[in-house]
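Breakdown of the fold
What follows is each chain in one-letter form.
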Amino acid sequence: MNKTARPAVRPYIGGNWKMNLRLASAVELAETIHADLSGDAGGPQLDPRIDVAVFPPSPYLMSVGRAMGHGPPSLGAQDLSPHDDGAYTGQVSAGMLDDLNARWVLVGHSERRHGLEEPPETLRAKLVRALESDLETVFCVGETLEERESGDAESTIVGQVRSGLEGLAAPTPERIVVAYEPVWAIGTGRTAHPDDAEEAHRWIRRTLGELYDREFAAATRVVYGGSVTASNAAELFRRPEIDGGLVGGASLKADSFAAICRAAEARLGQTSA
Ligand code: PEP
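These notes cover the structure that comes with them. (Residues numbered from 1 in each chain as written. Predicted model: local features only at pLDDT ≥ 70, side-chain atom pairs only at ≥ 80, totals over all residues. Heavy atoms only, no water.)

1. With respect to the overall build of the chain
- A tally of regular secondary structure across the chain gives twelve helices and eight strands.
- Dimensions of the chain, computed from the C-alpha atoms along their principal axes, are close to 50 × 45 × 35 Å.
- Distance from the positive charge centre (27 side chains) to the negative charge centre (39 side chains) of the chain: 3 Å. (Helix = DSSP H or I, 4+ residues; strand = E, 2+ residues; numbered from the N terminus. Lys, Arg positive; Asp, Glu negative; His and termini not counted. Charge placed at Lys NZ, Arg CZ, Asp CG, Glu CD.)

2. A word on helix 5 (residues 120-132)
- Between the first and last C-alpha of helix 5 there are 18 Å, a value that for 13 residues agrees with the 18 Å anticipated at 1.5 Å per step.
- Residues of helix 5 that are buried in the fold lie against helix 3 (94-99), strand 4 (104-107), helix 4 (110-113), strand 5 (136-141), helix 7 (153-165) and strand 6 (176-180). (Expected span 1.5 Å × (residues − 1). Contact = heavy atoms within 4.5 Å.)

3. A short note on the site of the ligand
- Around the ligand, the surrounding shell holds 14 residues, and the nearest of these are Lys18, Glu181, Gly187, Ser227 and Gly248.
- In this structure, an oxygen atom belonging to the ligand sits 2.6 Å away from a side-chain N or O atom of Glu181.
- Between the ligand and the protein, one listed contact pairs an oxygen atom with a backbone N or O atom of Gly187 at 2.6 Å.
- For the ligand, whose free accessible area comes to 290 Å², the fraction covered by protein is 96%.
- Partitioned by chemical class, the residues of the shell around the ligand number four nonpolar, eight polar and two charged. (Near = heavy atom within 4 Å. Polar contact = N/O pair within 3.5 Å; in protein donor to acceptor, adjacent residues only side chain to side chain. Areas by Shrake-Rupley, 256 points an atom, 1.4 Å probe, with all protein chains shown as cover. Nonpolar A, V, L, I, M, F, W, Y, C, P; charged D, E, K, R; others polar.)

4. Some thoughts on the pattern of salt bridges
- Applying the stated criterion across every chain yields a total of 23 salt bridges.
- Measuring nitrogen to oxygen at the nearest pair gives 2.8 Å for the salt bridge that ties Asp79 to Lys126. With a gap of 47 residues between them, Asp79 in the loop between strand 3 (74-77) and helix 3 and Lys126 in helix 5 connect regions that are remote in the sequence.
- Classification of Asp79 as partly exposed rests on a relative accessible area of 22%.
- Here Glu154 and Arg206 are joined by a salt bridge, their closest N and O atoms 3.0 Å apart. Of the two residues, Glu154 is situated in helix 7 and Arg206 in helix 8 (residues 194-211); the sequence distance between them amounts to 52 residues. (Salt bridge = Lys/Arg side-chain N within 4 Å of Asp/Glu carboxyl O. Buried < 20%, exposed > 50% of the residue type's maximum accessible area, 1.4 Å probe, protein only.)

5. Focus: the nonpolar core
- Membership of the largest hydrophobic core comes to 69 residues, with the highest contact counts inside it found for Ile13, Val64, Leu165, Ile204, Tyr224 and Phe237.
- Once residues lying within four places of it in the same chain are set aside, the contact partners of Val64 are Trp17, Ala26, Ala30, Val54, Pro56 and Leu75.
- Core analysis: the second largest hydrophobic core is formed by eleven residues, Ala53, Cys140, Val177 and Val223 among them. (Core = buried A, V, L, I, M, F, W, Y, C linked by side-chain atoms within 4.5 Å.)

6. Notes on the packing of helix 5 against helix 7
- Two elements in contact, helix 5 and helix 7, have axes separated by 8 Å at closest approach and are oriented at 55°. For the element pair helix 5 / helix 7, the angle class is oblique. Pair helix 5 / helix 7 crosses with right-handed handedness. Here helix 5 contributes Pro120, Arg124, Leu127 and Leu131 to the contact with helix 7, which in turn contributes Arg162, Ser163, Gly164 and Leu165.
- Broken down by class, the residue content of the contact of helix 5 with helix 7 amounts to four nonpolar, two polar and two charged. (Axes fitted to C-alpha atoms, helices over the stretch in contact; angles between N-to-C directions. Parallel < 35°, antiparallel > 145°, perpendicular 65-115°, else oblique. Left-handed = near helix turned anticlockwise from the far one by under 90°.)

7. Quick word on the pairing of strand 6
- With five of five residues buried, strand 6 is to be regarded as a mostly interior element.
- With five bridges connecting them, strand 5 and strand 6 associate as parallel partners. Paired with Cys140 across the two strands is Ala179, which belongs to strand 6. (Pairing = 2+ DSSP bridges.)

8. Things to note about the packing of helix 1 (residues 23-38) against helix 2 (residues 61-68)
- Look at helix 1 against helix 2: their axes get within 8 Å of each other, and the N-to-C directions meet at 30°. Classed by the angle they form, the pair helix 1 and helix 2 counts as roughly parallel. Our pair here, helix 1 against helix 2, has a crossing hand that is right-handed. Residues Leu23, Ala26, Val27, Ala30, Glu31 and His34 of helix 1 form the contact with helix 2, whose own contacting residues are Ser63, Val64, Ala67 and Met68.
- Taken together, the residues that form the contact of helix 1 with helix 2 break down as seven nonpolar, two polar and one charged.

9. Quick notes on the environment of Val141
- In this fold, Val141 is placed in strand 5.
- The class of Val141 is buried, set by a relative accessible area of 2%.
- Along the chain, Val141 and Val178 lie 37 residues apart, while their C-alpha atoms are 7.4 Å from each other.

10. What about the environment of Asp99?
- Relative to the helices and strands, Asp99 is located in helix 3.
- For the pair formed by Asp99 and Met19, sequence separation is 80 residues and the distance between their alpha carbons is 21 Å.

Interpretation in functional terms is not warranted from these geometric data alone.
What follows is the structure, encoded as structure tokens:
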């Protein structure tokens, strides 16, 4: 794909809090991040052309949402049910997330895809439900260490993108973000080399082009996740193929998360977003 043909895209940063924090600390973290990014803390406001979302544990969605007001950041959920209503103990529907003013949802995070062994059909059903709803989706894909070492990274990633999206009508590109998250890099402190991340992003973008068209592939944001920190974010986000990041551990501290968001500002000049 000719990089210069890509239109301006809004950089995207997501903070996945996973099953961490307690109510008071989650609200405090949300308030501190909001104050920093909005300029209320006294520093400069984050450029509004950057999309930032945080994904707190579901029981805290309402309180965290209230703490952030109209944002930034916006509110996201870590998972959703493929069903609307009914006998699905423990699940949370798209409609319920909408009631809580969640704007984003994660689908296919490796801690569900691999950790909880959610099969591709389930992830696809969740993706379909998210795309039918008003939610915007971060669809996560990525290979295990074994798959990378055996030379199967490309086929794994391409297969995950295809099994999620093949046959579905093209979503509006702004409503879906694909997160490349190599399983071996998540929570390990071992970040993918930017060359390898870019190569994987090109596989993803090529597949989006095959599934839909070149314009859709160019306009869809592909972000990197896996041990992104305030120290390595700028180097990753400098790469034309890396439209931002999905951040776990480093999103639990307001200063490191805000620094990662600000590292994405450098992309604005670079991609003329
Ligand atoms: C994640 O949870 O999506 C993630 C990338 O975690 P970490 O940044 O801690 O590796």
